[in-house]
Amino acid sequence: MEFFETLDARHSIRKYVEGAPVDADALSKILEYCNAAPSAGNLQGYRVVVVRDAEQKAAVAEAAFGQTFVTSAPVLLAFVADFATSAARYGDRAQLYAIQDASIAATTACYAAAALGLGTCWIGAFDDGQMAKALGVPDGSRPVAVIALGKPAHTPSSRSRRPLADLVREGTYDGPGYGAV
Ligand SMILES: Cc1cc2nc3c(=O)[nH]c(=O)nc-3n(C[C@H](O)[C@H](O)[C@H](O)COP(=O)(O)O)c2cc1C
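As the structure is a prediction and not an experimental result, all values here were calculated from the model.

A. Structural detail: the overall build of the protein. For the protein, the helix and strand inventory stands at 7 helices and 4 strands. Reading the helices (α) and strands (β) of the protein from amino to carboxyl end gives α-α-β-α-β-α-α-β-α-β-α. Computed over its C-alpha atoms, the radius of gyration of the protein comes to 18 Å, within 12% of the 16 Å expected for a compact globule of 181 residues. If one aligns the C-alpha atoms of the protein with their principal axes, the spans along those axes are about 55 × 40 × 30 Å. Here the protein holds 181 residues, and the buried ones make up 39% of them. The long-range share in the protein, meaning contacts at least 24 apart out of those at least 6 apart in sequence, stands at 75%. Within the structure as shown, the protein displays about 10400 Å² of accessible surface, and the carbon and sulfur contribution to it stands at 52%.

Structural data, given as C-alpha cells:
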C-alpha cells in the first residue's frame, strides 16, 4: 500500500472478525517496524507485551474500564515505558522520553497494521495499577497504550478533525492560525 493510502486507511477498529488470527509473518513485520521506530538516544525505553490468552485479554479489558471489545481482537500489543532504560542517560527527562518512545512505537504498529490490511484501536483509558498487574509490569515501568490488533469486522468512516487554522499556529502558541498569514 502506498504511504499516504496507509495513512488514510487507518481508523480505530472496535470490532474484529471472530476466529481470524493475525498471521505470524504479519505480526513479526509489525513488530520489526516498531523496533525501527525512532527513540531518544536510540535507547528504546519501552517494552512490548504481546497478549493472546483469552483470560489475560479479559483482565486487560477489565483494567480498561470494561472495554470488552478488546477481547474480540486476537492479539493485544501493550507498549510499556521502561523508565530505567531511559534514566541511565536522561535523568529528569527519562519518563517523558520513555513515554514518547513507547508512543511512537505504538503509532508505528497502528500504521504498519493498516498497511497490511489489519485493524487496530489505541486503548489509553485504563487503571494504571490494574493494567500493570494484568501485564506483569514491575515498578519503574508504566503501561502507556494497549493496541488491539485484528481483522476489521467493520469499515468506519473518517472521524472529523479540527481545522488546520485552529490546530496549527504561526510562531507562538497563540499565534495566527495556519493559512492566515
Ligand atoms: C492517547 C489515546 C487514547 C485512546 N484511548 C482510547 C480508548 O481507551 N478506547 C477507545 O476505544 N479508543 C481510544 N482511543 C482512540 C481514539 O478514540 C481515536 O483515535 C479517535 O477517536 C480518532 O478516531 P480514529 O482513530 O478512527 O481516527 C485513544 C486514542 C489515543 C491517541
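B. Structural context of the site of the ligand. Around the ligand, the structure places 13 residues, and the nearest of them are Arg10, Ser12, Arg14, Gln67 and Trp122. In the environment of the ligand, an oxygen atom lies 2.9 Å from a nitrogen or oxygen atom belonging to the side chain of Arg161. A total of 620 Å² of accessible area belongs to the ligand in isolation, and the protein chains cover 65% of it. Each residue belonging to the shell around the ligand can be placed in one class, and the counts come to 5 nonpolar, 4 polar and 4 charged.

C. Representation of the environment of Ala36 in the model. Within the fold, Ala36 resides in the loop between helix H2 (24-35) and strand S1 (46-51). For Ala36, a relative accessible area of 58% translates into the label exposed. Distance from Ala36 to Ala105, taken between C-alpha atoms, is 8.3 Å for residues 69 residues apart in sequence.

D. Helix H3 (residues 54-63), seen in detail. Those residues of H3 lying buried are Lys57, Val60, Ala61 and Ala63. Down the axis of H3, the buried set is contained in an arc of 160°. They therefore lie on one face. Residues of H3 that are exposed and point over 90 degrees away from its buried face: Glu55 and Glu62. In the core, the buried residues of H3 are packed alongside S1, strand S2 (75-82), helix H6 (128-135) and strand S4 (141-150). Here H3 starts with a cap whose side-chain oxygen sits 3.2 Å from the backbone nitrogen of Glu55, and that cap is Asp53. In the segment just after H3, Phe65 is the residue with positive phi, at about 55°.

E. Quick look at the pairing of strand S3 (residues 119-123). Among the 5 residues that make up S3, 4 are buried, leaving the element largely enclosed by the rest of the structure. Bridge analysis of S3 against S4 gives 5 bridges, and the strand direction is antiparallel. By the bridge assignment, Thr120 is partnered in S4 with Leu149.

F. Representation of the packing of aromatic side chains in the model. The tally for this structure, following the rule as stated, stands at 2 aromatic pairs. Measuring from centroid to centroid gives 5.4 Å for Phe3 and Phe4, while their planes differ by 75°, and the two rings are edge-to-face. Judged on exposure class, the residue Phe3 and its partner Phe4 are both exposed. A ring pair is formed by Tyr90 and Tyr97, whose centres lie 4.8 Å apart and whose planes are at 80°; its orientation type is edge-to-face.

Cut-offs applied
Residues numbered from 1 in each chain as written. Predicted model: local features only at pLDDT ≥ 70, side-chain atom pairs only at ≥ 80, totals over all residues. Heavy atoms only, no water. Helix = DSSP H or I, 4+ residues; strand = E, 2+ residues; numbered from the N terminus. Rg over C-alpha atoms; globule rule 2.2 N^0.38 Å. Buried < 20%, exposed > 50% of the residue type's maximum accessible area, 1.4 Å probe, protein only. Contact = heavy atoms within 4.5 Å. Areas by Shrake-Rupley, 256 points an atom, 1.4 Å probe, with all protein chains shown as cover. Near = heavy atom within 4 Å. Polar contact = N/O pair within 3.5 Å; in protein donor to acceptor, adjacent residues only side chain to side chain. Nonpolar A, V, L, I, M, F, W, Y, C, P; charged D, E, K, R; others polar. Arc of directions from axis to C-beta. Pairing = 2+ DSSP bridges. Phe/Tyr/Trp six-rings, centres within 6.5 Å; stacked < 30°, edge-to-face > 60°.

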